[in-house]
Every structure is written in structure tokens, then in C-alpha cells.
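# A structural walkthrough
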Amino acid sequence: MERVTRRLQQGLVRLHELLSLEHVHDFSRPESAHFADLDPAAPYVGDLCLLAEAFQDVLLRTADRPDLPRAA
């Protein structure tokens, strides 16, 4: 079983922030320019929302699992 390193955990959180459009209003971040290209009425936006919610559930479940090996 792979170890969940602190770096991996941080990367997963950043991925969730990207999927959930966490920084959409922060114009100092490069993501904000990419968010401007999204069409809120496009069908893929609903898919992204579902993926972000499912990914958040996975992150929360794995955070609550003391049996998962973790690297320091």
C-alpha cells in the first residue's frame, strides 16, 4: 500500500480547490483567468460539480481513516 505523504495530501487538497472553483474570485491567482473561460451553462460544469463533491467525500473519508499508512 502506498503511503499518503504530506505532499500528496496537499496536492489532493489543491486539486479539490481547482475542481470546486475555490479561488474563482482571487485575481492574484492564475486559476482565476482560466475560470473566466468556463461557461456556467455548459453541461460539463454540472459534471465538474459532481466530481468535486465526490472527491471531497473521498478526501474526508480518507482523512478519518487511521488505518491508512501515513508518511511523516
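Described below are features of the structure shown in this document. Because the structure is predicted, anything quoted here is derived from the model rather than measured. (Residues numbered from 1 in each chain as written. Predicted model: local features only at pLDDT ≥ 70, side-chain atom pairs only at ≥ 80, totals over all residues. Heavy atoms only, no water.)

The next thing to look at is the pattern of salt bridges. Summed over the entire model, instances satisfying the criterion amount to 1 salt bridge. Here E31 and R29 are joined by a salt bridge, their closest N and O atoms 3.0 Å apart. (Salt bridge = Lys/Arg side-chain N within 4 Å of Asp/Glu carboxyl O.)

With that settled, consider helix α3 (residues 43–63). An ideal rise of 1.5 Å per residue puts 30 Å on 21 residues; α3 measures up with 31 Å between its terminal C-alpha atoms. Within α3, the full set of buried residues consists of V45, A52, F55 and L59. Buried residues of α3, seen end-on, are gathered within an arc of 85° and therefore sit on one face of the element. Along α3, exposed side chains directed more than 90 degrees from the buried face belong to P43, L50 and R61. Where α3 is buried, its residues contact α1 (6–19). (Helix = DSSP H or I, 4+ residues; strand = E, 2+ residues; numbered from the N terminus. Expected span 1.5 Å × (residues − 1). Buried < 20%, exposed > 50% of the residue type's maximum accessible area, 1.4 Å probe, protein only. Arc of directions from axis to C-beta. Contact = heavy atoms within 4.5 Å.)

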